[in-house]
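# Structural overview
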Amino acid sequence: MASQPQNDVIAAVATAPGRGGIGVVRVSGPDLAALAAAVVGKTPAPRHATYAHFRDATGTILDEGIALYFPAPHSFTGEDVLELQGHGGPQVLQLVLERCLELGARVAQPGEFSRRAFLNDKLDLAQAESIADLIDAQSREAARSAMRSLTGEFSARIRELVDALIHLRMLVEATLDFPEEDIDFLARADAFGQLDAIEGRLAGVLGQARQGALLREGLSVVLIGQPNVGKSSLLNALAGHEAAIVTEIAGTTRDALREAIQIDGIPLHVTDTAGLRETADTVEALGIARTWQAVEHADVALLLVDAGHGVGASEAAIIARLPPIPRLTVHNKIDLAGEPARISGDEVWLSAKAGAGLDLLRRRLCELAGWQATGEGVFMARRRHLAALVEAGERLAHARTAWPALDLFAEELRLAQLALNSITGEFGADDLLGEIFSRFCIGK
């Protein structure tokens, strides 16, 4: 996101593109009373819904609806905010937006409203990111986790860790001024006990963050195997509808077919692929090449085999070529082989057609993903949050090994604190902020 002055007025359509019953034009900036009066004929009462006509420069009515005016600092962005809620047609919204631009506003960049809220201390960075996560949530569990982050639960846990680190750093820094008493003083203050407690709490936060990251990003699963072992049937069974064409003809699937499903709230991106075999068919060969491309980008591979013959030389050749990712061997068609549904380690026996054993597969996929049914307490997290938490843990481990060199011990504690502060944005480069907010919707 390019740098823009923070004392100008921005405006955007804040509702999704397309037709709707209601559409919202949002405006933020300093001293919006005059702009509001020019659009609605008067300055709306603060924080009250005001029915009004929205007019152009000649007084012609563009639309009618509700005007909401939030004077600074009591608004989402911390600036004056005006929301014009009218009819949700694209053309009428564009007319209202153009009127705001005529009055001195400019079109907001993606995420600029949220960025201003962050810069004006209305939200920290983790809370601001959770707005986008809440909008993009693919399951109820993901939405609940994003809301926990938005209301500050994640940030509060990070600040608790930072406060504990500051207290420990204060003790260590004080001893550096009195080196003749340093070790005994820190021993009496139980410095290592405090370090143990911080590491334990950090591990707990990291575990919850990993759960939240799984809810946000999901798991990529690829179905592979010989032709006609039931990959498409399994995709349909997991999806709950006919997502893929199923026939008795081997090689029906010629290209990768992707379907998004959920298991216990975890988004799974399942890819059905062409059967792996030697072929002279050019189109089928292209599909097989795409199969291996899908495998390279997968988190988990499901190798399907016919339960009637199990893993043979062909399947062994496929296994030998797989990258080092988790793999489940799925013995399909147990209804024809007369086998019971069961699970043993990383092998599952099921019938995609009859549905027997599907719950066993779902449960094992959740285990492979690292999902724990923790329920309340999971908060949304991103890859950069996980990286910062891991770095903080590594710094604490380095601090322990640096003992009794107190200057190194203190430095590692400082670096651990910087890593944690980067999560909430108390320390962060402008280019990082630009990258984060550029991925937001326009109007947020």
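Treat the numbers as computed from the prediction; the structure is a model and nothing was measured. (Residues numbered from 1 in each chain as written. Predicted model: local features only at pLDDT ≥ 70, side-chain atom pairs only at ≥ 80, totals over all residues. Heavy atoms only, no water.)

### Quick notes on the overall build of the protein
Put simply, the rule is: To qualify as a helix, a DSSP run of H or I must reach at least 4 residues; to qualify as a strand, a run of E must reach at least 2; elements of each kind are numbered from the N terminus. Burial classes: relative accessible area under 20% of the type maximum marks a residue as buried, over 50% as exposed, and values in between as partly exposed (1.4 Å probe, protein chains only). Here, residues are in contact when the closest pair of their heavy atoms is within 4.5 Å. The protein chains shown are the only cover counted for residues, whose accessible areas, like all others here, come from Shrake-Rupley with a 1.4 Å probe.
Counting its regular elements, the protein contains 16 helices and 13 strands. Across the 444 residues in the protein, those meeting the buried criterion constitute 48%. Summarising the internal contacts of the protein: among those between residues at least 6 apart in sequence, 67% fall at separations of at least 24. Looking at the protein as shown, the accessible area adds up to about 20700 Å², and 53% of this sits on carbon and sulfur atoms.

### Considerations on the side chain of glutamate 79
Inclusion rule: Whenever two N or O atoms come within 3.5 Å, that pair is a polar contact, provided that in protein one can donate a hydrogen and the other can accept it, and provided that, for residues adjacent in sequence, both atoms are side-chain atoms.
Within the secondary structure layout, glutamate 79 lies in the loop between β4 (61-70) and β5 (80-88). Residue class for glutamate 79 comes out buried when judged on its relative accessible area of 9%. In this structure the side chain of glutamate 79 is engaged in a polar contact, spanning 3.3 Å, whose partner is the backbone nitrogen of glycine 29.

### Section: the sheet that holds strand β3 (residues 50-55)
The test is simple: Two strands are said to pair when DSSP picks up at least two bridges between them. Convention adopted: a line fitted to C-alpha atoms gives each axis, helices being fitted over their contacting stretch, and angles between N-to-C directions are expressed from 0 to 180 degrees.
Across the sheet, six strands lie side by side as β3-β4-β5-β2-β1-β6; this open sheet has mixed pairing. Each edge of the open sheet carries a strand with a single partner, namely β3 and β6 (106-107). Running over the sheet, helix α1 (residues 33-40) touches β2 (20-29), β3, β4 and β5 and is turned about 80 degrees from β3. Its contacts with the sheet put helix α2 (residues 90-102) on β1 (10-13), β2, β3, β4, β5 and β6, and the angle it makes with β2 is roughly 15 degrees.

### Here we look at the environment of glutamate 339
Positionally, glutamate 339 belongs in the loop between α12 (334-337) and β12 (342-344). Overall, the relative accessible area of 30% leaves glutamate 339 in the partly exposed class. Sequence-wise, glutamate 339 and glycine 308 are 31 residues apart; in three dimensions their C-alpha atoms are separated by 8.7 Å. A polar side-chain atom of glutamate 339 sits 3.0 Å from a polar atom in the side chain of arginine 342.

### Things to note about the sheet that holds strand β11 (residues 327-332)
Strand order in the open sheet formed by seven strands is β8-β9-β7-β10-β11-β13-β12, and the pairing between neighbours is mixed. The open sheet terminates on both sides in strands that have one partner only, identified here as β8 (257-263) and β12. Strand-to-strand twist of the sheet, defined as the mean angle between neighbouring strand axes without regard to direction, takes the value 25 degrees. Bridge count for β12 against strand β13 (residues 347-349) is three bridges, and the pairing is antiparallel. Bridging from a neighbouring strand, serine 344 pairs with glutamate 347 of β13. Relative to strand β10 (residues 300-306), helix α11 (residues 313-321) is tilted by about 175 degrees, and along the sheet it contacts β7 (219-225), β10 and β11.

### What about the UniProt feature "binding site: K(+)" (unreviewed entry) in the protein?
Defined as follows: UniProt positions are given in the numbering used here, feature names are shortened, and annotations may be inferred rather than shown by experiment.
Taking the UniProt record as the reference, the feature "binding site: K(+)" (unreviewed entry) is found at Asn228, Thr247, Ile249 and Thr252. With respect to the helices and strands, asparagine 228 occurs in the loop between β7 and α9 (231-239). For asparagine 228, a relative accessible area of 33% translates into the label partly exposed.

### Some words on the packing of α9 against helix α13 (residues 358-369)
Applicable threshold: For classification purposes, an angle smaller than 35 degrees is called roughly parallel, one larger than 145 roughly antiparallel, one from 65 to 115 roughly perpendicular, and anything else oblique. Just so you know the grouping, Ala, Val, Leu, Ile, Met, Phe, Trp, Tyr, Cys and Pro go in nonpolar, Asp, Glu, Lys and Arg go in charged, and all remaining residues, Gly too, go in polar.
Relative to each other, α9 and α13 sit at 80 degrees, their axes nearing to 11 Å. Taken as axis vectors, α9 and α13 run roughly perpendicular relative to one another. Contact with α9, carried on its side by Leu234, Ala237 and Leu238, involves Leu358, Leu361 and Arg362 of α13 and no other residues of that element. Of the residues that constitute the contact of α9 with α13, the class distribution is five nonpolar, no polar and one charged.

### Thoughts on the pattern of salt bridges
It is possible for side chains bearing opposite charge to pair when their charged atoms get close. Rules: What counts as a salt bridge is simple: a side-chain nitrogen of Lys or Arg found within 4 Å of a carboxyl oxygen of Asp or Glu.
If you walk through the whole model with that rule in mind, you get 20 salt bridges. The salt bridge partner of arginine 382 is aspartate 133, with a shortest N-O separation of 3.0 Å. On the criterion of sequence distance, the pair formed by arginine 382 in the loop between α13 and α14 (383-402) and aspartate 133 in helix α4 (residues 125-136) is long-range, its members being 249 residues apart. Given a relative accessible area of 5%, aspartate 133 falls into the buried group. In this structure, aspartate 346 engages arginine 364 in a salt bridge whose closest nitrogen and oxygen atoms are separated by 2.6 Å. Of the two residues, aspartate 346 is situated in the loop between β12 and β13 and arginine 364 in helix α13; the sequence distance between them amounts to 18 residues. The exposure class of aspartate 346 is partly exposed, given its relative accessible area of 38%. In this structure arginine 364 comes out as buried when scored by relative accessible area, which is 15%. What you see here is one network of salt bridges that share partners, running through Asp8, Glu79, Arg106, Glu112 and Arg116.

### Points about the pairing of β7
In terms of burial, β7 is largely enclosed, as six of its seven residues are buried. Pairing of β7 with β10, which is carried by five bridges, proceeds in the parallel orientation. Along β10, the bridge assignment pairs valine 222 with alanine 301.

### Quick word on the packing of aromatic side chains
Quick note on the threshold: Here the aromatic set is Phe, Tyr and Trp, taking the six-membered ring for Trp, and pairing holds for ring centres within 6.5 Å; pairs whose planes are under 30 degrees apart are stacked, those over 60 apart are edge-to-face, and all others are tilted.
Applying the stated criterion across every chain yields a total of two aromatic pairs. When the ring of phenylalanine 154 is compared with that of phenylalanine 379, the centres are 4.6 Å apart and the planes differ by 20 degrees; the resulting orientation is stacked. Note that phenylalanine 154 is positioned in helix α6 (residues 153-176) and phenylalanine 379 in the loop between α13 and α14, a separation of 225 residues in sequence. Its relative accessible area of 1% is what places phenylalanine 379 among the buried residues. Judged by centre distance (6.4 Å) and plane angle (45 degrees), the ring pair of phenylalanine 192 and phenylalanine 409 falls under tilted. Taken as a pair, phenylalanine 192 in helix α8 (residues 191-217) and phenylalanine 409 in helix α15 (residues 406-424) lie far apart in primary sequence, 217 residues in all.

### Quick notes on α13
The cut-off we apply is this: How far a helix is expected to stretch is found by multiplying one less than its residue total by 1.5 Å.
With twelve residues, α13 should reach 16 Å at 1.5 Å per residue; the first-to-last C-alpha distance of 17 Å fits that figure. For α13, the complete set of buried residues consists of Leu358, Leu360, Leu361, Arg364, Leu365 and Cys366. With its phi angle positive at about 85 degrees, glycine 370 sits one or two positions after the end of α13.

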